[in-house]
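# Understanding the architecture of this molecule
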Amino acid sequence: QVQLVELGGGLVQAGGSLRLSCAASGRTLSEYRMGWFRQAVGKEREFVAAISWSGRSYYADSVKGRFTVSRDNAKNTVFLQMNSLKPEDTAVYYCAADGRYHSTSPFYTRRTEYDYWGRGTQVTVSS
């Protein structure tokens, strides 16, 4: 069974930076797509970023140029570096894993494409 644990959330001022990590256990995920989603109060969970098994990254328009997703396969960990944070970035951030080996699905922004989810970590950006 795959378990994902997000760390690094907290309170930061607008314009600041925060680095989230997602540590996986129960399965080596180096050959699987990983995603980051977020959910603000009263809103649907939305796609933030993803990184493929080949290392290619994808981003929502709202975070392009500010967020960077990366992975350290030796540590079975995925990261989300968040810079130039804005109050609208405030949300619970979730890490997710696509359980399909070397998936080439174009629907990586959809929640249903991911099989495993972490419990989330709160990110609050003050103005």
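Higher on the page you've got the structure.
Figured I'd write up the structure that's included with this text. These numbers come from a predicted model, not from an experiment.

Bringing the nonpolar core into the picture now. Formed by 35 residues in total, the largest nonpolar core has its most connected members in Leu4, Met34, Trp36, Leu80, Met82 and Tyr93. For this core, the secondary-structure elements that each account for two or more residues are β3 (18-25), β4 (34-39), β5 (46-51), β6 (57-59), β7 (67-72), β8 (77-82), β9 (91-97) and β11 (121-126). Setting aside chain neighbours within four positions, we find tyrosine 93 in contact with Glu6, Leu20, Phe37, Arg38, Val48, Phe67, Leu80, Met82, Gly120, Thr121 and Val123.

Our focus in this paragraph is the sheet that holds strand β1 (residues 3-7). Remark on secondary structure: sheet strands pair via backbone hydrogen bonds, oriented parallel or antiparallel. Ordered in space as β1-β3-β8-β7, the four strands form an open sheet in which the pairing is antiparallel. Strands with a single pairing partner mark the edges of an open sheet, and in this sheet they are β1 and β7. Ignoring which end each strand starts from, the neighbouring axes of this sheet average 15° apart. The pairing of β1 with β3 spans five bridges and is classified as antiparallel. Residue pairing in the sheet places leucine 7 in a bridge with serine 21 of β3.

Summed over all chains, the structure comprises eight salt bridges. In this structure, arginine 38 and aspartate 89 form a salt bridge, with 2.9 Å as the shortest nitrogen-oxygen distance. Linking arginine 38 in strand β4 with aspartate 89 in the loop between β8 and β9, this pair joins segments that are 51 residues apart in sequence. The shortest N-O distance in the salt bridge between arginine 66 and aspartate 89 comes to 2.7 Å. Here aspartate 89 lies in the loop between β8 and β9 and arginine 66 lies in the loop between β6 and β7, a separation of 23 residues in the sequence. Neither residue differs from the other here; arginine 66 and aspartate 89 are each classed as buried.

Right, let's get into the state of the cysteines. Enumeration over the complete set of coordinates arrives at one disulfide. With a sulfur-sulfur separation of 2.0 Å, cysteine 22 is cross-linked through a disulfide to cysteine 95. Taking the torsion about the sulfur-sulfur bond, which here is approximately -75°, the covalent link between cysteine 22 and cysteine 95 counts as left-handed. In this pair, cysteine 22 is assigned in strand β3 and cysteine 95 in strand β9, connecting sequence segments 73 residues apart. Overall, cysteine 22 belongs to the buried group, its relative accessible area being 1%.

Criteria and thresholds
Residues numbered from 1 in each chain as written. Predicted model: local features only at pLDDT ≥ 70, side-chain atom pairs only at ≥ 80, totals over all residues. Heavy atoms only, no water. Core = buried A, V, L, I, M, F, W, Y, C linked by side-chain atoms within 4.5 Å. Buried < 20%, exposed > 50% of the residue type's maximum accessible area, 1.4 Å probe, protein only. Helix = DSSP H or I, 4+ residues; strand = E, 2+ residues; numbered from the N terminus. Contact = heavy atoms within 4.5 Å. Pairing = 2+ DSSP bridges. Axes fitted to C-alpha atoms, helices over the stretch in contact; angles between N-to-C directions. Salt bridge = Lys/Arg side-chain N within 4 Å of Asp/Glu carboxyl O. Disulfide = S-S within 2.5 Å.

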